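Residue-level structure breakdown
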Amino acid sequence: MGILKQFQIILYFFSLLFLIPILFIIVLIPLFILRQFVKICAKCVGLKEAHITGGATSRFAMDKIYTAPITNLLVSFYLDGETDLDLFKSRFISNVIEKRKSCGKLQYPELRQYITEFMGYTFWTLSESFNPSNHFKLYKTEEVIDETGLEKLRNEIVVKPWTVKEPLWEFIMVENFQRQEKNGVKPEENSGKQKQTPVLLFNTHHSLLDGYSVLHMLVEEMTNLDFEKVIAKPSTTLRKSVNPEQTFCRKLSFPLRALYEVSKDLTNERDINPWNGFNDKNLVTRNSTFDDTISVDYIKKISHSYGVSFTSVLLAAICAGIRRGMESNSIPIPKFIHCCVILPVLPHPKKLTNHSYAIKFKIH
């Protein structure tokens, strides 16, 4: 690390150390008072069961949800055998939508609500026209749907705007789907023929929930499986070799270490390379797309053969795609790019929320 960069980090560190208490008094306290005032006003104007969105949900809620959303979340479930959509709907309504806490309140009230803006804040508000049956749809064609047809359908769904004043979720049952052997995904066989099985698509907006919330809602609430036992997650226990005194000191010094890490990030905030933009224009457009389905077993096979982690294989595939995109557009390949990855915070609360944090790192 160069002397100039060290000086920048120290400058940022002491600037933040001096400014944060001032910002807390001058900015955060007035904002808290304003937030409480807006909540009172929302009740006065008749926003039913309204509560302000918070955390990561607030960022997703600023999306153009009802015109051109870019943070929709679409999850595909490949089902084994025939599935009755009406039976699934009745179980979801009784097990999830109508489930209540011990105090009598709904466990998942957001499934009946939509997002609206009021006085610069986004609110979850009760949908007066909510009808669960409108959120379960059957997609059926006379012709068999293959992987290519499913990819096209998912790409259409994931950019579709949501209906105003309606909850931000829906289930779509795709019938007549036939799996093919692509990228390690083997087709089911039935009497020597490929078997047609339905696919259940869960389409929602990221402001409603994250991946862990989806899995908890559909695994634990809709089955008898224990969510904590069947879902893979990183260990959060401390290593035995860690000294308890060292752990206490690390916790005590966390505020200063956090300021130092933020100061380091500020010195590496901007990429001065072709990744930052094409033809001196910033890349402000975000795109979503679906490709061929790749099985988890196939990814594990690659990771074991090369002696690397599961995540390393995914990251290598993403980087290869970015590199090919640059090469096909005659864009010089940079030595590195910055990447931001969203990770869940564990333990995850058993409710519909976005419980996560972001980390930034360099990809060489």
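Turning our eyes to something else, we now look at the overall build of the protein. Scanning the protein from N- to C-terminus turns up ten helices and 13 strands. Each of the 364 residues in the protein was classed as buried or not, and the buried ones make up 31%. The contacts in the protein between residues at least 6 apart in sequence include a share of 72% that link residues at least 24 apart. Within the structure as shown, the protein displays about 23900 Å² of accessible surface, and the carbon and sulfur contribution to it stands at 58%.

Ranked by size, the top nonpolar core spans 29 residues in total, and within it Phe 92, Leu 111, Trp 169, Phe 171, Leu 209 and Met 217 carry the most contacts. Sorting the residues of this core by element identifies helix 3 (85–97), strand 6 (169–174), strand 9 (199–205) and helix 5 (211–220) as the ones contributing at least two each. A per-element tally of this core places helix 3 first, with six residues. Those residues in contact with Met 217, other than ones at most four positions away along the chain, are Phe 92, Val 96, Leu 111, Phe 202, Leu 209, Met 222 and Leu 352. Membership of the second largest hydrophobic core comes to eleven residues, among which are Val 158, Ile 172, Val 174 and Leu 201.

Read across the sheet, four strands follow the order 2-9-6-5 without closing on themselves; strand pairing throughout is mixed. On the outer flanks of this sheet lie strand 2 (72–78) and strand 5 (136–139), each paired with one strand and no other. Shown here is a sheet whose adjacent strand axes are inclined to one another by a mean of 20°, direction ignored. Judged from the six bridges that link them, strand 6 and strand 9 form a sheet pairing that is antiparallel. Pairing of Met 173 across the sheet is with Leu 200, part of strand 9. Sheet contacts for helix 3: strand 5, strand 6 and strand 9; angle to strand 5, the most-contacted strand, approximately 155°.

Criteria and cut-off values
- Residues numbered from 1 in each chain as written.
- Predicted model: local features only at pLDDT ≥ 70, side-chain atom pairs only at ≥ 80, totals over all residues.
- Heavy atoms only, no water.
- Helix = DSSP H or I, 4+ residues; strand = E, 2+ residues; numbered from the N terminus.
- Buried < 20%, exposed > 50% of the residue type's maximum accessible area, 1.4 Å probe, protein only.
- Contact = heavy atoms within 4.5 Å.
- Areas by Shrake-Rupley, 256 points an atom, 1.4 Å probe, with all protein chains shown as cover.
- Core = buried A, V, L, I, M, F, W, Y, C linked by side-chain atoms within 4.5 Å.
- Pairing = 2+ DSSP bridges.
- Axes fitted to C-alpha atoms, helices over the stretch in contact; angles between N-to-C directions.

Geometric descriptors of this kind do not, in isolation, establish any biological role.
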